[in-house]
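# Observations on chain architecture
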Amino acid sequence: MMRERLIGHDKDLGGGFVVRRLLPHARQRSVGPFIFFDHFGPAEELPGVDHDVRPHPHIGLATVSYLFDGAMMHRDSLGTQQLIEPGAINWMTSGRGIVHSERRPDHLRETRYVNHGLQLWAALPLAHEETEPFFSHTPAEAIPEVSVGDGRVRVLVGEAFEAHSPVPALSRTLYLDVWLPAGGRMVLPPLVPELALYLVEGDVEIDGEALAPREMAVLQAGQPSALFTHAGARLVVVGGDPLDAPRHMWWNFVSSRKERILQASADWEAMRMGVVPGDDEYIPLPATRFTPPEPRS
């Protein structure tokens, strides 16, 4: 059952590369551990057009990258170099701090292709906010896939329908990629305490209520949801346990402590957070700095 409908806002990064942000939202700051949800593309990548993301830092979160189409090259301050391709899950735990870049792969520099995917952030649990950073690549063939009703479900992160993903999440986390054929039906149980559904493409009804493409439905806790599609649908399901404490979120930094974000800002400005080997560029700290909220009386 749909509790809240979220409509994201689009940002054109140039050259027709559009990103739609669903989380954080004014009415829903997070769903389970997920505090950030971006849907980018589909966008045609042309030779000579640069959508590279230069090296930048993170603390207190895990980035979760998933492609429907295209390719990206991930590099980070741990020395990781990983080609990101459709169907794989790339989980980067920033912990106490990491620097990474996402660039067009060298072998595609002069090639036309389509990039389309999702970039999510999961807040790390309090016990792991300052953990050592690490990167985990799970190839597409290692992701379990099961039949549910008329649909096919890939269990990207977490456990569902007796299938368990090998992705090393640090808290109870759920992330599913679901296909429903034309006329298809399936029931989505309340698999975790907080759950949301995002329609990537096609059409879907949730308990008879239509959800438009690129909208997110936050589902009623503890209630199953009956899904139906007329023409076919691709959707993702995200959720997990609620956050274990409120989070401050500014630029690329997430923490339960505002002082930690101020420290990370100073560390990045002083270039104390590490470098991506072989990549001398970087994204500078925003001119508008983090301002801690005034204490409530």
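Overview of the structure. (Residues numbered from 1 in each chain as written. Predicted model: local features only at pLDDT ≥ 70, side-chain atom pairs only at ≥ 80, totals over all residues. Heavy atoms only, no water.)

Attention now moves to the overall build of the protein chain. When helices and strands are counted, the protein chain shows one helix and 26 strands. Rg of the C-alpha trace for the protein chain: 19 Å, near the compact-globule value of 19 Å for 297 residues, within the 12% margin. The C-alpha extent of the protein chain, read off along each of the three principal axes, is 60 × 55 × 35 Å. Across the 297 residues that make up the protein chain, the buried fraction comes to 52%. (Helix = DSSP H or I, 4+ residues; strand = E, 2+ residues; numbered from the N terminus. Rg over C-alpha atoms; globule rule 2.2 N^0.38 Å. Buried < 20%, exposed > 50% of the residue type's maximum accessible area, 1.4 Å probe, protein only.)

Right, let's talk about the environment of L124 for a bit. Structurally, L124 is set in the loop between β11 (113-123) and β12 (134-138). When neighbours within four sequence positions are excluded, L124 is seen to be in contact with G60, L61, A62, T93, G95, E129, L170 and R247. (Contact = heavy atoms within 4.5 Å.)

Glancing now at the nonpolar core. With 28 residues, the main nonpolar core has F37 and Y175 as its most contacted residues. By residue number, the principal contributor to this core is strand β6 (residues 61-69), which donates four residues. Residues contacting F37, with those up to four places away along its chain left out, are R20, R21, L22, L23, L118, Q119, L120, Y198, M216, V236 and V238. By size, the runner-up hydrophobic cluster in this structure holds 26 residues, among which are A160, L176, L219 and L227. (Core = buried A, V, L, I, M, F, W, Y, C linked by side-chain atoms within 4.5 Å.)

This part takes up the pattern of salt bridges. This structure, assessed with the given rule, holds 23 salt bridges. Among the salt bridges present, the one from E269 reaches R289, with a minimum N-O distance of 2.9 Å. Taken together, the residues E269 in helix α1 (residues 258-269) and R289 in the segment after α1 connect sequence positions 20 residues apart. Through salt bridges with shared partners, a single network forms among D52, R103, D106, R109, D279 and E281. (Salt bridge = Lys/Arg side-chain N within 4 Å of Asp/Glu carboxyl O.)

Time to look at the packing of aromatic side chains. Under the definition given, this model contains 10 aromatic pairs. Plain terms: the ring middles of Y66 and Y175 are 6.2 Å apart, the flat faces sit at 65 degrees to each other, and that makes the pair edge-to-face. Pair noted here: Y66 is in strand β6 and Y175 is in strand β17 (residues 173-180), with a separation of 109 residues, a long-range link. For Y66, a relative accessible area of 1% gives the class buried. By relative accessible area, which is 0% here, Y175 ends up buried. Measuring from centroid to centroid gives 5.6 Å for W251 and F253, while their planes differ by 85 degrees, and the two rings are edge-to-face. Cluster of aromatic residues (ring-pair linked, three or more members): F34, Y66, F68 and Y175. (Phe/Tyr/Trp six-rings, centres within 6.5 Å; stacked < 30°, edge-to-face > 60°.)

Turning next to the side chain of N252. Within the secondary structure layout, N252 lies in the loop between β25 (248-250) and β26 (253-255). Classification of N252 as buried rests on a relative accessible area of 11%. Setting aside anything within four residues of it in sequence, one finds N252 in contact with H56, P57, H58, I59, L61 and W121.

Consecutive residues of a regular strand have side chains that alternate between opposite faces of the sheet. With eight of nine residues buried, β6 is to be regarded as a mostly interior element. Across eight bridges, β6 lies against β11 in antiparallel orientation. Within β11, the position partnered with V64 by the bridge is L120. Both β6 and strand β9 (residues 89-93) contribute to a ladder of four bridges, which runs antiparallel. The residue of β9 that forms the bridge with V64 is W91. (Pairing = 2+ DSSP bridges.)

Interpretation note: all reported values are geometric properties and have no functional meaning in isolation.
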